[in-house]
Structures are given as C-alpha cells and as structure tokens.
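Spelled out from the first residue to the last, the chains are:
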Amino acid sequence: MSERRLRIAHLYPRLMNIYGDRGNVLALVRRCRDRGIDVEVDELGPGDTLASNAHDLVFMGGAQDRDQRRVSEDLLATKGPALSEAANAGTVILAVCGAYQLFGKHYVAASGEQLTGLGLFDCWTEHPGPSADRLIGNVVAELAGEDDAITLVGFENHGGRTFLGHNAQPLARVRSGFGNNGKDGTEGVRYRNAFGTYLHGSLLPKNPAFADMLIALALGETELEPLDDEIENAAHQAALRLTGRRR
Ligand code: GLN
C-alpha cells in the first residue's frame, strides 16, 4: 500500500493565502499520511515553472485584488499552458476565490482593470466597483452532479461576481449564502477534475468528504479508508447549525 503517492503543487503559497487557504494543503497532507500514502508538496511562487504532468493535485488559494494583479501575469506566463494541459488530462485542481477568478476567462477588478485569466474554466468575473456590496458570509451548498451526496460548508468574502458559460458545470447549488454571483444559485465550477470555488474557511479541514473526493480522484481510486473525523465532522456540523440559525 505504501507505494501510493500523491504529488501536490501549491501555487503562490505566500501571495495567495487569504483566510489561511494553506490549511487546505495541510488537510490533504494529513489525510494522506494518516493512510500511509506518500505525499510531497512543491511550493511554486513567482518565476517558478510548472510541468504539466509533474503533479497529481494542484492547489491555489485566494487574495485581494492587489495580490491577484501581482500573480496574474506570472501565472499566465510560467504556469498557464501547463495548468490547462493538466486540467485537460484530468489532473485534480482546486482553485479558491481569487485563484478561481484568475482561472476563468477574465477578472475585472474593483478598479475596472481587466486581468486576463487562464480560461481553464468557462466563466468570467466582474467586480462592480469599490462601493458595491461584498458577498460575505457562511455558505452551505450541495455538490452538483454525480457527487450530490456531499454538502459543502464554508465562508465567502468576495466583491467579484462570477458568471458561468452556457456549458459550464457548477460545482454546487447554494442552499444558503451567495455563491458565484448571489443571483443564479450556483457556487463554483467544475471542469473534469478541476474545481473552482468561493469557499474559504479553510474549505477542506471542515469538509472531509470533499477532501477525500479530491484525494481519491488524484490517486485514481474509488474509495479511501475511513479516518477518525470526529473533530472535522463536528466543525462541519457546527457550520451547518450556524448557517441554519442565520437563515
Ligand atoms: N479580490 C477578489 C474579490 O474581492 C477575491 C477576494 C478573495 O480571494 N477573498 O472578489
């Protein structure tokens, strides 16, 4: 069993880490090691290139507009083509908030400046400007499609409104909260095994079922050994209760 191995790329861990998005990577590492799966994490920052087949799972977190602007050109130049190739080949990718916005076709920032996106996801994002309400609060969403047994909980804080192209598949349906744009009931996007989402929190520590879905997809396995998730499940339940009270 110990030959099972997961190679993770963590993109811009210092610049794109709002709300402790790094906790997602720590959760993946821990859940692998607890099962005896070898796991290694490459942290790739500005100027570092990404090879399309060097990793089984790629993670990138969120940031405010200023940091997104700093990484957007570097992302396109040093990692963009490899990321698109990896996504087309079925590599698992998780892009949270600011990363989700940059993995779409474009992001119009609060200043009105348009940042070109990777176009890996068929979606685009527009920030209506600094005086617009931000979409902030706890979110509960049901995973769309074949994995509809999974409920996601998280926290969102974004000014950008994301709109999905006609053929794009949403990641989840919002039960409570705003999601992509506060209007159409969608949250996030899925393209093959690449996922974009607005959920922070961090997301994976309190959504162990989704964390395991990503690990299983990355390893090409259908089921993973269960772990003792008492604390993780309690966090998940607490988030559900909190959101239920606010509704
Ligand atoms: N700057 C983006 C927005 O406000 C993303 C924010 C974030 O990553 N939390 O829409």
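Overview of the structure. A quick note: this is a predicted structure, and the numbers were derived from the prediction, not measured.

## Overview of the site of the ligand
No. 1: If you check the shell around the ligand, you find 16 residues, and the closest are Asp65, Gln68, Cys97, Gln101 and Gly160.
No. 2: At 2.9 Å, a side-chain N or O of Gln101 approaches an oxygen atom of the ligand.
No. 3: When the free accessible area of the ligand is taken as 300 Å², the share hidden by the protein chains comes to 100%.
No. 4: Of the residues that constitute the shell around the ligand, the class distribution is four nonpolar, 10 polar and two charged.

## As for the pairing of strand β8 (residues 135-143)
No. 1: By the bridge criterion, eight bridges tie β8 to strand β9 (residues 151-158) in an arrangement that is antiparallel. Residue pairing in the sheet places Val139 in a bridge with Gly154 of β9.
No. 2: Pairing geometry for β8 and strand β11 (residues 172-176), over four bridges, is antiparallel. Its bridge partner lying in β11, Ala141 is registered against Val174.

## Some points on the nonpolar core
Nonpolar side chains in soluble globular proteins tend to be buried together.
No. 1: Counting 68 residues, the largest nonpolar core has Leu11, Met60, Leu83, Phe103 and Phe210 as the members making the most contacts within it.
No. 2: Take this core: its biggest share by element is eight residues, from helix α4 (residues 208-219).
No. 3: Residues in contact with Leu11, not counting those within four places in the same chain, are Leu44, Leu50, Val58, Phe59, Met60, Leu75, Lys79, Leu83 and Phe103.

## Here's the deal with the sheet that holds strand β7 (residues 123-126)
No. 1: The strand order across the open sheet built from four strands is β6-β5-β7-β10, with neighbouring strands paired in mixed fashion. The open sheet is flanked by β6 (114-116) and β10 (161-164), the only strands paired with a single partner. Along the sheet, successive strands turn relative to each other by an average axial angle of 15 degrees, direction set aside.
No. 2: Judged from the four bridges that link them, β7 and β10 form a sheet pairing that is antiparallel.

## Quick notes on the pairing of β11
No. 1: As paired strands, β11 and strand β12 (residues 186-187) are joined by two bridges and run antiparallel to one another. Residue pairing in the sheet places Ala172 in a bridge with Glu187 of β12.

## Quick look at the pattern of salt bridges
No. 1: Under the defined criterion, the tally for this structure stands at 15 salt bridges.
No. 2: Notably, a salt bridge pairs Arg4 with Glu221, separated by 3.0 Å at the nearest N-O pair. Placement of Arg4 in the segment before β1 (5-11) and of Glu221 in the loop between α4 and α5 (230-246) is noted, with a sequence separation of 217 residues between them.
No. 3: Judged by its relative accessible area of 10%, Arg4 is buried.
No. 4: Across the salt bridge formed by Arg14 and Glu43, the nearest N and O atoms sit 3.7 Å from each other. Taken together, the residues span a long stretch of sequence, with Arg14 in the loop between β1 and α1 (22-33) and Glu43 in strand β2 (residues 38-44) at a distance of 29 residues.
No. 5: Judged by its relative accessible area of 70%, Arg14 falls in the exposed class.

## Here's the deal with the side chain of His127
No. 1: Position of His127 among the secondary structure elements: in the loop between β7 and β8.
No. 2: Exposure remark for His127: the relative accessible area of 10% places this residue in the buried category.
No. 3: Engagement of the side chain of His127 in a polar contact is seen with the backbone nitrogen of Gly129, the distance being 3.0 Å.
No. 4: For His127, the contacting residues outside a window of four places in its chain are Asp65, Tyr107, Val108, Ala109, Ala110, Arg134, Gly159 and Gly160.

## Side note on the packing of aromatic side chains
No. 1: By the definition in use, this model includes six aromatic pairs.
No. 2: Aromatic pair Tyr19 and Phe155: ring centres 5.7 Å apart, planes at 70 degrees, arrangement edge-to-face. Remark: Phe155 occurs in strand β9 and Tyr19 occurs in the loop between β1 and α1; sequence separation between them is 136 residues.
No. 3: Given a relative accessible area of 34%, Tyr19 falls into the partly exposed group.
No. 4: The exposure class of Phe155 is partly exposed, given its relative accessible area of 26%.

So, how was this worked out
- Residues numbered from 1 in each chain as written.
- Predicted model: local features only at pLDDT ≥ 70, side-chain atom pairs only at ≥ 80, totals over all residues.
- Heavy atoms only, no water.
- Near = heavy atom within 4 Å.
- Polar contact = N/O pair within 3.5 Å; in protein donor to acceptor, adjacent residues only side chain to side chain.
- Areas by Shrake-Rupley, 256 points an atom, 1.4 Å probe, with all protein chains shown as cover.
- Nonpolar A, V, L, I, M, F, W, Y, C, P; charged D, E, K, R; others polar.
- Pairing = 2+ DSSP bridges.
- Helix = DSSP H or I, 4+ residues; strand = E, 2+ residues; numbered from the N terminus.
- Core = buried A, V, L, I, M, F, W, Y, C linked by side-chain atoms within 4.5 Å.
- Buried < 20%, exposed > 50% of the residue type's maximum accessible area, 1.4 Å probe, protein only.
- Contact = heavy atoms within 4.5 Å.
- Axes fitted to C-alpha atoms, helices over the stretch in contact; angles between N-to-C directions.
- Salt bridge = Lys/Arg side-chain N within 4 Å of Asp/Glu carboxyl O.
- Phe/Tyr/Trp six-rings, centres within 6.5 Å; stacked < 30°, edge-to-face > 60°.

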